[in-house]
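This is what each chain is made of:
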Number of protein chains: 2
Amino acid sequence: MNSFSYRAWLQPAGDANSVAEHSLKTGYFAEEECARGLRMYKKEDLQVSFSLNNALPPEGFEIKCDPDGVKIEGGCESGLLYGVYALLSRIGRGEKIEPVKQKPAVSMRVLNHWDNGDGSVERGYSGNSLFWRDGKIGYDLPRLRDYARLLASVGINQISVNNVNVRRLTAQLLTDDGLNDLVKVAEVFRPFGIRLIIAVHFDSPVWLGGLETSDPVRDDVAAFWKEAAARVYKRIPDLAGFLVKADSEFQSGPNSFGHTQDIGANVIGKALKPHGGTLYWRCFIYNCMQDWRDTVTDRPKAAYDTFFPIDGKFDDNIILQVKHGPSDFQVREPNSPLLGALKHTREALEFQISQEYTGQQKDMYAWAVQWEEILDTPFNESRLTRDLIGREVEAIVAVANTGDDVNWCGHLLAQANLYAFGRMAWAPAITAKTVTEEWVALTFGHSSEAGRDSLCAEITRMLLESRHVYEKYNAPLGICWMVYVHHHYGPSPDGYEYTPWGTYHRADTKAIGVDRTRKGTGYTAQYQPYMRDLYESLETCPQEVLLYFHRLAYDFRLKDGRTLIQYIYDTHFEGVEGVEGFIATWESLKSGLPAEAYESVRERLEMQLANAKEWRDVINSYFYRKSGIADEKGRTIYV
Amino acid sequence: MNSFSYRAWLQPAGDANSVAEHSLKTGYFAEEECARGLRMYKKEDLQVSFSLNNALPPEGFEIKCDPDGVKIEGGCESGLLYGVYALLSRIGRGEKIEPVKQKPAVSMRVLNHWDNGDGSVERGYSGNSLFWRDGKIGYDLPRLRDYARLLASVGINQISVNNVNVRRLTAQLLTDDGLNDLVKVAEVFRPFGIRLIIAVHFDSPVWLGGLETSDPVRDDVAAFWKEAAARVYKRIPDLAGFLVKADSEFQSGPNSFGHTQDIGANVIGKALKPHGGTLYWRCFIYNCMQDWRDTVTDRPKAAYDTFFPIDGKFDDNIILQVKHGPSDFQVREPNSPLLGALKHTREALEFQISQEYTGQQKDMYAWAVQWEEILDTPFNESRLTRDLIGREVEAIVAVANTGDDVNWCGHLLAQANLYAFGRMAWAPAITAKTVTEEWVALTFGHSSEAGRDSLCAEITRMLLESRHVYEKYNAPLGICWMVYVHHHYGPSPDGYEYTPWGTYHRADTKAIGVDRTRKGTGYTAQYQPYMRDLYESLETCPQEVLLYFHRLAYDFRLKDGRTLIQYIYDTHFEGVEGVEGFIATWESLKSGLPAEAYESVRERLEMQLANAKEWRDVINSYFYRKSGIADEKGRTIYV
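To start, this report covers the structure provided alongside it. Keep in mind that this is a model prediction, so the values were computed, not measured. Along each chain, residues carry numbers from 1 onward, in the same order as the chain's sequence is written. Working convention: letters from A go to chains and numbers from 1 go to ligands, in the order in which they are written. With pLDDT at 70 or above as the cut-off, local features in this predicted model cover only qualifying residues; side-chain atom pairs require 80 or more to be listed or tallied, and sums for whole chains, interfaces and linings still use all residues. To get the side-chain values, all heavy atoms of the structure are used, and hydrogens and water are removed first.

Observations concerning the packing of aromatic side chains
For the record, the criterion: For Phe, Tyr and Trp, rings pair up if their centres lie within 6.5 Å, where Trp contributes its six-membered ring, and each pair is then called stacked (planes under 30 degrees apart), edge-to-face (over 60) or tilted (otherwise). Put simply, DSSP marks the helices as runs of H or I at least four residues long and the strands as runs of E at least two long, and each gets a number from the N terminus on. Classification of residues uses two cut-offs on accessible area relative to the type maximum, computed with a 1.4 Å probe and protein chains only: under 20% is buried, over 50% is exposed, and between them is partly exposed.
Per the stated rule, a full pass over the model turns up 76 aromatic pairs over all chains. Residues Phe202 of chain A and Trp281 of chain A carry aromatic rings whose centres are separated by 6.2 Å and whose planes lie at 80 degrees to one another, so their mutual orientation is edge-to-face. In this pair, Phe202 of chain A sits in the loop between β9 (195-199) and α7 (204-207) while Trp281 of chain A sits in strand β11 (residues 278-282), placing the two residues 79 residues apart along the sequence. Of the two residues, Phe202 of chain A and Trp281 of chain A, neither departs from the other in class, the shared state being buried. Relative to Trp481 of chain B, the ring of Tyr357 of chain B has its centre 5.3 Å away and its plane inclined at 85 degrees; by these criteria the two rings are edge-to-face. With Tyr357 of chain B in the loop between β13 (346-352) and α11 (367-376) and Trp481 of chain B in the loop between α14 (452-473) and β15 (511-512), this residue pair connects regions lying 124 residues apart in the sequence. By relative accessible area, Tyr357 of chain B is classed as buried at 4%. The rings of Phe351, Tyr365, Trp367, Trp371, Phe421, Tyr470 and Tyr473 of chain A are connected pair by pair, giving a single aromatic cluster.

What to know about the relation of the copies chain A and chain B
One copy of the chain maps onto the other through a rotation about an axis plus a displacement along that axis. Using the following cut-off: We place the copies in one frame by least squares, fitting the C-alpha atoms of every residue whose pLDDT is at least 70 in both. The criterion used for residue contact is that any of the two residues' heavy atoms lie within 4.5 Å.
Superposition record for chain A on chain B: RMSD 0.0 Å, screw rotation 180 degrees, translation along axis 0.0 Å. Here the two chains are linked by the operation of a two-fold rotation axis. A share of 100% of the interface residues of chain A reappears at the interface of chain B, consistent with the copies meeting face to face through the same patch.

Side note on the sheet that holds strand β4 (residues 100-102) of chain A
All names here are of chain A. Applicable threshold: In this scheme, strands are said to pair when DSSP sees at least two bridges between them. Lines fitted to C-alpha atoms define the axes here, with helix axes fitted over just the stretch in contact, and angles between the N-to-C directions of these axes take values from 0 to 180 degrees.
An order of β1-β3-β2-β4 is seen for the four strands of this open sheet, with the pairing classed as mixed. Single-partner strands in this sheet number two, and they are β1 (48-52) and β4. Within the sheet, the average angular offset between the axes of one strand and its neighbour, ignoring direction, is 15 degrees.

As for the side chain of Asp262 of chain A
Residue and element names in this part refer to chain A. Condition: Positive charges come from Lys and Arg alone, negative charges from Asp and Glu alone, with His and the N- and C-terminal ends not counted. By definition, a salt bridge exists where a carboxyl oxygen of Asp or Glu is found within 4 Å of a side-chain nitrogen of Lys or Arg.
One can find Asp262 in helix α9 (residues 261-272). For the buried Asp262, no salt bridge exists, and the shortest N-O distance to an oppositely charged side chain is 5.2 Å, to Lys313. Once you skip the residues sitting within four places of it in the chain, Asp262 turns out to touch Ile310, Lys313 and Phe314.

As for the pattern of salt bridges
One pass over the structure, following the stated rule, counts 96 salt bridges over all chains. Between Glu438 of chain A and Arg423 of chain A there is a salt bridge whose closest N-O contact spans 2.8 Å. Here the residue Glu438 of chain A occupies a position in helix α13 (residues 432-444), and Arg423 of chain A occupies one in helix α12 (residues 415-426), the gap between them amounting to 15 residues. Across the pair, Arg423 of chain A and Glu438 of chain A agree in class, each one buried. Between Asp146 of chain B and Arg149 of chain B there is a salt bridge, with the nearest N and O atoms lying 3.8 Å from each other.

A short note on the side chain of Arg293 of chain B
Using the following cut-off: Counting of polar contacts relies on pairs of N or O atoms within 3.5 Å, with two restrictions inside protein: one atom must be capable of donating a hydrogen and the other of accepting it, and residues adjacent in sequence are counted only when both atoms are side-chain atoms.
Along the chain, Arg293 of chain B falls in the loop between β11 (278-282) and α10 (302-307). Here Lys613 of chain A takes part through its backbone oxygen, which lies 3.2 Å from a polar atom of the side chain of Arg293 of chain B. Within the structure, Arg293 of chain B has its side chain in polar contact with the side chain of Glu614 of chain A (distance 3.0 Å). Each residue touching Arg293 of chain B, except ones within four places of it in the same chain, is listed here: Lys613, Glu614, Asp617 and Tyr638 of chain A.

This is the structure in C-alpha cells:
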C-alpha cells in the first residue's frame, strides 16, 4: 500500500512514518504531521516552531519566516495543522517558503460518502467502501488514517460516513451497537480536525424506536430524536451533526405526513441543538414518479417550489444543502435558482466529485473547471455565485469519489478532483488552473527532473481541457440525461424519454428541448430578474445552456452562423479528436512518468476513447435519424 | 395451501389425499392417483381396473368402457397414469366417459426451469424457485409432489431443475454433495413418470474438476465428463440427461477454444451415452457484443449459420434445442429456419411459457394461440411446422412459468399456459381453442352451476383474444425488442437501438426496419425456397411479420389501403380498448367466480390496462415524433 497511486498528492515515497522522537516537542499533532512531511521531502533540517494565536480565526494560520526557521501560528490546533499542510505543499511543489496568512472561506468543508453497510458505494467507481464491510464500519482503521491525512491536507473538516439513501444496516449507527464502531472511526479522524456526520433515515423512529409512525409533529417522535441525539453525542461529543435526504426518490419525509419540509427538519434540528449539532437537510426533492405525458410539471422547478416558500422557517442549526444545479450533477446545467434566493435560511452548496454523469472515473474529467464556471456565474446583476460563499452559503459539500481501490479514485487523474474540491472549498477564489497546477506539481513533480516543468504543464493542460472535451461528445447544449437509466454511463438518447423521472427532451422531427421560459413551463421565473431575462431571451441565453431553456429547431442558427444540428455533429466529432489528443499527449510523457501511473492512465484513456466514439456515433445517428439532415462535411454518421 | 388458485386445474376442493385403503389393489401408482381423483370428483363408485399392455407404445394408453366399469390399459406404468389423467379430465370437464386410445406425439415433453441456487428465477414472475433455496435443492418436497402431479396430469415427462445460465451454486449438482439432495427430488417426481435433467456448465471441468481448461478435445476434460456422468447416474439411474447453453450470452463453450459446437457437444454426449442419457444442446447462439454500427451481421441468422453446416456431426444421443423463432420469444417473429432444415441431427422445439416479453404474467397472454400459429406455419411448400413433430422434431421443450407463488404462475390465468404446453406437446394437433376450453372447464367449471357454460365460454374467449390484444399494443408487425433492456417489461422503443445485443430497427424520419431480403442481410435465404420467396416479396410476406423482413416507409400502403403509420396508431388504440373489454367481461363474470380468483385476476387486469396505455402512448408518440405524421382520426398522441 505504498504505491505511487496510493500516496496520491503526498509524494514522493519515503520513510515518512518514522518520525524522530526528538523533534516532537509541543504535543501538537500538527508537529507530528510536520515532521512526517519534512522527512518525506528530506527537509528534516528545517526548523519549524508552533504556537496558538487567539487573534487568528479558529482554523486560520499564519506562516512566518525568520532566519532561525519557520514559525507557524494557528487559531486553534486545526489552524496549526492547515499551516503545516500549506508549508509542506509549498515544499512539495518546489516553491520558496514565504510568509502567508490564511483562513478558510467557510467553516464547513464537507465530504458526503454514499457508502452502504454492505460495502457497496452508490455511484462509486473506485471499488468498495473505505468505511463499511459486512454491515460494520471501520474495518480498516490504518487505511482510514491515511485517508484522513489526504482529506485534512486539502482542508476538508467534516465527512458523512454513510449513504444519504440510508438502509437498514447503516441506520444502526444511531444505536449503541453501531456507535461502538463509529467511535473508533471518529478517533481516527479527530486529530486531523475532521468531524463525522451521520446520515439518518427519516423513518428511524419506526425502524429503531419501534414507534408506529415517524410523523414529526408527534411527541414520541420528537422524543425519539432527542434520545438518539443524546445517545450519539454521549459517545462522540464532537460529531458535526446529521444529514437527511427526505421526501426524495422513495425516501420518506415530512411530506409523507402532509407537512412541509421545515416541520420535519426542525424536530431533528431541535434534538441536535443542545449538543451543538448541525442538521444538513438536502433540497434534492422532485417527483420521481412523473407521468411523461405531463408537460406542466417541470422537474427543475421542484427544489425552489418546495423550499423558497418556507425560507426562514428552519431552526438556526439547520443548513439546507442545495445541489449546484436544478437537475442532478449533469455535464451542463444552469445554477440552481435557490442559490442566492434564500434570505433567512442557512445554505450549503453541494457538488459531486464522484463522476456519476461525467465519465464514472473511466473518462478524464476535471470538475474544477466546471466548478469554476459555476462560481463565475452571476445570480443577479451585481453578484457572482462565488460571492455567496462565506456569506449566504456557509458550507460547501461534495459527494466523495473515493473507495478502496489502491489509487483511491479509480482513475489516477480523478485524484485531482478530490484535491480541487478541498482547495476550492477552502479558497473559492482559487482558479481551476491554479488548483490543477498545484495538484499536478505535488503528484508528478517528483517523478522527473529533466522536463519536469513541461511534463506538469502538459498534464495540467489535459486536465483543464478534459471537461470541455467530455462535454463535446455528450448530450449537447445542456439537454442533459441522454444516458442509460439507472447506471448512467454511455449514450441512450431516448433512455429517459418515457420514464417517470421527469427528464424529457421531447425531440421530434423538427426540434428538441423543453421551453422553460414564461411561454413554456415558466422555470425561468424562479431566477432573479437579471438571470431570468438572460435565460429567457434567445439573444442573451448563454449558448452552452441553450437547450436547457429553449426548444429549438434543428435548423436554428447559432451565433456563429452554424445550424444547431451542424453544431451537434461538429462538436461530437471534435470530442473524439480531443480524446485522441489526450492519448497522444500521454504517450509523449511516458518517460517522465512512473510506470504505474503511465499504464493505469493509458488504460483509462483507451476506455474513454471507446466511450467517446460511442457517444459521437450514437448521438450523431440519433439526431440524423430524427432530423434527416445530413452533416455538411460528409463525415461518417451511421444510418 | 389448498386455495382455489393452488389447486389450479385439479379442481374442485375435496379431501382428495385420503385414499381408501381397500380400493388399491394393483400396486400401480396410477391406481392411487385414480382413487385420489375420483374422490375429488366424488365418483368413488366408479369401478376402474388397470393392466399393462405390451402392444401399446410405452406411454400410450387405452380406455375401454364396459358395463362393469372402466378399464385402463397402458404400455407401461406411465401409460396407465396418463390414462388415469385422461379419464379424470373427462370427468372433471363433465364429459361422458368414452373409449379412447392415445399416445404422445413425442417421447420427450420437457420443462426447463431457469432456477438459480439462491432461489431466484431468471425471467420468473411467480415468486421464487420451487426447487432451490439458499443453495440447496428440494427444500419443500411436499409442494414438489403437488407440482409433479400438475405436470404429469398434462403429460410432461422431463424437467430440468436449474437455470441454463448455470452459476456456481447449481453447478454443484454434479458433485456428491449436490446429488444427495437431488436424489430426493428425483424420488418425488419418479412415480409421476417425470425424469430429471441437469443443466451443466461447459466449464465444469475447471469449476469442479480442478482442470486448467474445459477444452473439449483434451483427454482430461473428456475423462471429467465421463466421471461426472457416472457419478450422477449411479445415484439417479433414470436421469434424462444434461442440458447445455454453450457459447451464448457470456457462457463459455467449444467456440471459446476454437471448435465448432459438435466438438463440444460430442464429448459430453459420449459421457452420457453408456447410461442412456440424452444431451440437450441449445442453439440460442449469437453475438451479444455486436457493434450496432455493423449492418452486415444480422442476429437472426446466427443459429442457422452456426448449426446448419455441422448437421449430421452430432452423436445420436444429442438433441439440438431450437427456439421457435430466430430472435428470442418475441410477441411476433417468423419461425426459425433451422426447423425443417436439419436432416441428420435430432431436434427439439423450444417454447417459452414464462412471459418474458409477453407481459410477465401481469398481462394476460395465451401462448396456445401463438403456438398454434407457429405450428400452422409451413416450412416448405408441402409441410407445416406441426408436421415435423414426431418426425424430425423428437422433443418439445418449454421454459417454465412456475414459482412458489400460491397460484404457481403469478397470474391465475397464466396457469392456462402451463396446461396448454403439456397438452400441445402431447398432441400438437390440438387447437388453441380446444386446449383453452379444456383448461377453463377444469378450472372454472366447478365454480358455478347456473351459467357455467357461458362463464366458461367468456373466459375462453378472453384468453383466445389475449394474444392478439397484447400484440396490438406492442411493437408493431414483428419489429420486436421495443422494451427496456434487461428487465424486458414496458415500452422503450429505442431501448435496444444502440446496445450490443444485435437487435435494431434503425427507425429514421422516413422508415423503419431491417431489410432481411437478398437485397439486405440475406436472412431470407436461410429458409427453404417456398418460405424464402414468401417472405422475400412485399406482395406475399404475411403482414404480421412485414417489419421483421422489410424496411418500410411510414407511408407504405398495407393491403387494406391504410398506411403503415396509420396501422400502428390504429392497433395501439385498439389494444387498450381490448384490455378495457377484458375488464368489463371479467366484472360481468364476478358472481360465477370464486372471490379469490375474481380479485386476483381483476388486479392483474388493472396492471395490464396501465401497461397497455403506456405502450399505446409511448409507441404512438415515438412514431409521431419520428415521422411527423399525424393520426388521421385525430386521437390523442402525446407530442
